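Chain by chain, the residues:
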Amino acid sequence: MNVLLIEDELHTARILQDIIETDKDFIVIKTIDSISEAVSYLAKYNQNIDLIFLDIHLSDGHSFEIFRHIDINIPIIFCTAYDEYALQAIKNNGIEYILKPFQDEEILRALQKFKKLAGRFKSKVTFDLPINSNKNSLFQNSFLTQQKDKTIVIFIENIAMFAIEQDILYLYTFDKKRYPVFKKMDYVESVCNPRLFFRINRQMLINRNAINTIQPYFNRKVILELKVEPEAQPIVSRLKVTQFKEWLEVGE
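Note that this is a predicted model, so its numbers are computed, not measured.

Thresholds, definitions, all that
- Residues numbered from 1 in each chain as written.
- Predicted model: local features only at pLDDT ≥ 70, side-chain atom pairs only at ≥ 80, totals over all residues.
- Heavy atoms only, no water.
- Helix = DSSP H or I, 4+ residues; strand = E, 2+ residues; numbered from the N terminus.
- Buried < 20%, exposed > 50% of the residue type's maximum accessible area, 1.4 Å probe, protein only.
- Contact = heavy atoms within 4.5 Å.
- Areas by Shrake-Rupley, 256 points an atom, 1.4 Å probe, with all protein chains shown as cover.
- Pairing = 2+ DSSP bridges.
- Axes fitted to C-alpha atoms, helices over the stretch in contact; angles between N-to-C directions.
- Arc of directions from axis to C-beta.
- pLDDT = per-residue confidence, 0-100.
- Salt bridge = Lys/Arg side-chain N within 4 Å of Asp/Glu carboxyl O.
- 1 Å grid on protein atoms, 1.4 Å probe; cavity = no way out; pocket = protein on both sides within 12 Å on 5 of 7 lines; lining within 4 Å.
- Points joined across faces, edges and corners; volume = space filled by probe spheres on them.
- Nonpolar A, V, L, I, M, F, W, Y, C, P; charged D, E, K, R; others polar.

Draft legend 1. View of the overall build of the protein. The helix and strand inventory of the protein stands at seven helices and 17 strands. Taking the principal axes of its C-alpha atoms as reference, the protein extends roughly 65 × 40 × 35 Å. Across the 252 residues in the protein, those meeting the buried criterion constitute 44%. A sequence separation of at least 24 residues applies to 53% of the contacts in the protein between residues at least 6 apart. Here the protein displays about 14,400 Å² of accessible surface, and carbon together with sulfur accounts for 49% of that area.

If you want it as structure tokens, here you go:
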């Protein structure tokens with residue numbers, strides 16, 4: 001099972017890796033020392049990780065900041081010198097809370113606990129938050145993004161499209177600004193109102209209000225002229241053209 005270490009003390013990270021890898025079921029695939037790097041890495045490789053060891057105080061702030069920027073469904077073992085964050089840890093996928101300085105046995109017991117939990121499931125362990133059964137509550141009203149040291153709230157009515165560019169998901173606003181969104185496209189599509197947004201291909205999710213014109217394209221595809229200018233051409237995949245046109249005609 002793949003383990004991600006998020007720890008800003010190099011010596012501690014090395015000790016943790018040595019202890020973890022004494023259990024042949026685990027391998028540490030990456031060590032990260034900051035919030036910004038953790039968000040970037042998890043946005044790309046979230047699906048490849050089975051377990052996270054997480055320090056709370058990192059070089060650029062409290063690690064709980066990570067959860068404000070990206071959805072994490074991976075169980076976490078918190079390993080920290082501070083005892084006042086246990087409740088917050090439990091609320092953020094924490095399955096164990098270990099205080100520094102730790103003993104080898106504490107780490108190994110935590111790994112055994114994880115394996116017992118994993119054994120209750122036939123597939124990879126996930127800790128999904130329950131979805132509100134009220135359909136009107138399923139759609140997200142805003143997204144958080146980061147600009148330098150500021151967190152910015154972008155409301156859904158201001159978002160023209162989402163696009164994956166160079167393996168990073170961006171949102172484009174109607175005033176032609178672009179911001180990174182540290183989430184998966186599948187997640188974004190699931191929380192956007194399908195009457196307002198349509199996924200025209202694997203890389204793009206389009207707001208109907210961002211569309212100016214539709215033009216024929218090669219191989220029975222269509223290409224869109226939008227109110228924003230993404231890096232790639234907004235081409236509706238051939239298999240989606242009929243569904244896309246029907247979606248446009250239905251209206252909001």
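Moving on from the coordinates now.
Draft legend 2. Here's a closer look at the sheet that holds strand E3 (residues 51-54). Across the sheet, five strands lie side by side as E2-E1-E3-E6-E7; this open sheet has parallel pairing. Whereas interior strands pair on both sides, the edge strands pair on one side only; in this sheet they are strand E2 (27-32) and strand E7 (94-99). Across the sheet, the mean angle separating the axes of adjacent strands is 20° when strand polarity is ignored. Where strand E6 (residues 76-80) lies against E7, five bridges are found, and the strand directions are parallel. By the bridge assignment for E7, Ile 77 is matched with Glu 96. Against the sheet, helix H1 (residues 10-20) touches strand E1 (2-6), E2, E3 and E6, its axis set at about 160° to E1.

Draft legend 3. Structural view of helix H7 (residues 241-250). Burial in H7 covers these residues: Val 241, Phe 244 and Trp 247. Viewed end-on, H7 has its buried residues packed into an arc of 125°, placing them on one side of the element. For H7, exposure combined with an orientation more than 90 degrees from the buried face picks out Thr 242, Glu 249 and Val 250. Looking at the buried positions of H7, the neighbouring elements they touch are strand E13 (197-201), strand E14 (204-207), strand E15 (211-216), strand E16 (222-226) and strand E17 (235-236).

Draft legend 4. Geometry of the confidence of the model for the protein. In the predicted model, the protein carries a mean pLDDT of 86, and the fraction of residues at 70 or more is 91%. Throughout residues 122-137 the model reports pLDDT below 50, and contacts reaching past four residues in sequence, or to other chains, amount to 19 contacts.

Draft legend 5. Layout of the environment of Phe 162. By secondary structure assignment, the location of Phe 162 is in strand E10 (residues 159-165). What Phe 162 contacts, discounting residues up to four positions off in sequence, is Phe 143, Leu 169, Tyr 170, Leu 171, Val 181, Met 185, Val 188, Cys 192, Phe 197, Gln 203, Met 204 and Leu 205.

Draft legend 6. Focus on the pattern of salt bridges. Enumeration according to the criterion identifies twelve salt bridges in this entry. Measuring nitrogen to oxygen at the nearest pair gives 3.2 Å for the salt bridge that ties Asp 55 to Lys 100. Of this pair, Asp 55 sits in the loop between E3 and strand E4 (57-58) while Lys 100 is found in the loop between E7 and helix H5 (104-119), placing the two residues 45 residues apart along the sequence. Of the two residues, Asp 55 and Lys 100, neither departs from the other in class, the shared state being buried. Across the pair Glu 231 and Arg 178 runs a salt bridge whose closest N-O atoms are separated by 3.3 Å. Note that Glu 231 is positioned in the loop between E16 and E17 and Arg 178 in strand E12 (residues 178-180), a separation of 53 residues in sequence. On the accessibility criterion, Arg 178 (36% relative accessible area) is partly exposed. Members of the salt-bridge network, linked through shared partners, are Glu 7, Glu 9, Asp 55 and Lys 100.

Draft legend 7. Looking closely at the layout of surface pockets. Of the volumes computed, that of the second largest pocket is approximately 400 Å³. Ala 43, Ile 164, Asp 167, Lys 184 and Met 185 are, among the 16 residues lining the second largest pocket, the residues nearest its centre. If you list the elements that add at least two residues to the lining of the second largest pocket, you get helix H2 (35-45), strand E11 (168-173) and helix H6 (185-191). Element by element, the count of residues in the lining of the second largest pocket is highest for H2, at three residues. For the lining of the second largest pocket, the residue count by class is seven nonpolar, two polar and seven charged.

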